[in-house]
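So you can see what is in the structure, the chains are spelled out below.
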Amino acid sequence: MAGKGHRFSYRIPLFEVDMGQAVYHGNYFHLFELAREQLLRDLGFGYPELVARQIHLAVVEAHCRYRQPVRYDDQIDIITVIPSLKSRSVQFQQQLFLTATSKLATEVRLTTISIDFSGKPVPLPPELRQKLMVFID
């Protein structure tokens, strides 16, 4: 998946870790969100641009598989590809790897829908769709 994917690197901060000394299961979604936000920023179409157009990418479905723990101070890489891109939706496939070992630790598949601020589904901006095409897997 790394060939066409967007790479985001990050070191795990203490506040993401639970009493079991690993990243709390719900906090993985923070990490995946950081990677998606950076992908959009790197494309030149970050959240400020979406907000200016009164658009939000709402998560409507998520499936996460935890393979092995990620711990405080681990360096990670998240690779993001886009398995599906439609007029109003984007599906993201993200894999979190431990940098030191290159082992897959966690993966998620999210479906997002483009909505306006009233919650109504709206088409993705054509410029964003065009930029996201580079990550279609």
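As shown above, the structure is provided for reference.
Since the model is a prediction, treat every value here as computed from it, not as a measurement.

**Student:** Account for the overall build of the protein chain, with residues named and values stated.
**Tutor:** Helix and strand counts for the protein chain stand at three helices and five strands. Listing the helices and strands of the protein chain from first to last along the sequence gives β-α-α-β-β-β-β-α. Overall, the protein chain is about 40 × 30 × 25 Å in size when its C-alpha atoms are taken along their principal axes. Once local pairs closer than 6 in sequence are excluded, the contacts in the protein chain between residues at least 24 apart make up 67%.

**Student:** Tell me about the pairing of strand 3 (residues 75-85), residues and numbers included.
**Tutor:** A regular strand places its side chains so that they alternate between the two faces of the sheet. Counting buried positions along strand 3 yields eight of eleven residues, so the element is predominantly enclosed. In this sheet, strand 3 lies alongside strand 1 (residues 6-11) in antiparallel orientation, the contact comprising six bridges. Residue Arg7 lies in a different strand from strand 3, and its bridge partner there is Ile79. The pairing of strand 3 with strand 4 (residues 89-98) spans eight bridges and is classified as antiparallel. Bridge pairing links Ser84 to Gln91 in strand 4.

**Student:** So what's going on with the packing of aromatic side chains? Which residues, and what values?
**Tutor:** According to the stated counting rule, one finds two aromatic pairs in the structure shown. The interplanar angle of 20 degrees and the centroid separation of 5.8 Å between the aromatic rings of Phe8 and Tyr10 together place this pair among those described as stacked. What makes Phe8 buried here is its relative accessible area of 11%. Geometrically, the ring pair formed by Tyr28 and Tyr66 is edge-to-face, given 5.2 Å between the ring centres and 65 degrees between the ring planes. Highlighted residues: Tyr28 in helix 1 (residues 28-42) and Tyr66 in strand 2 (residues 55-66), separated in sequence by 38 residues. Taking relative accessible area as the criterion, Tyr28 reaches 3% and is therefore assigned buried. For Tyr66, a relative accessible area of 38% puts it in the partly exposed group. Against the face of Phe92 rests Arg36, its NZ or CZ located 5.9 Å from the ring centre.

Rules and cut-offs
Residues numbered from 1 in each chain as written. Predicted model: local features only at pLDDT ≥ 70, side-chain atom pairs only at ≥ 80, totals over all residues. Heavy atoms only, no water. Helix = DSSP H or I, 4+ residues; strand = E, 2+ residues; numbered from the N terminus. Contact = heavy atoms within 4.5 Å. Buried < 20%, exposed > 50% of the residue type's maximum accessible area, 1.4 Å probe, protein only. Pairing = 2+ DSSP bridges. Phe/Tyr/Trp six-rings, centres within 6.5 Å; stacked < 30°, edge-to-face > 60°. Lys NZ or Arg CZ within 6 Å of the ring centre and 35° of its normal.

Coordinates in, geometry out; function isn't part of it.
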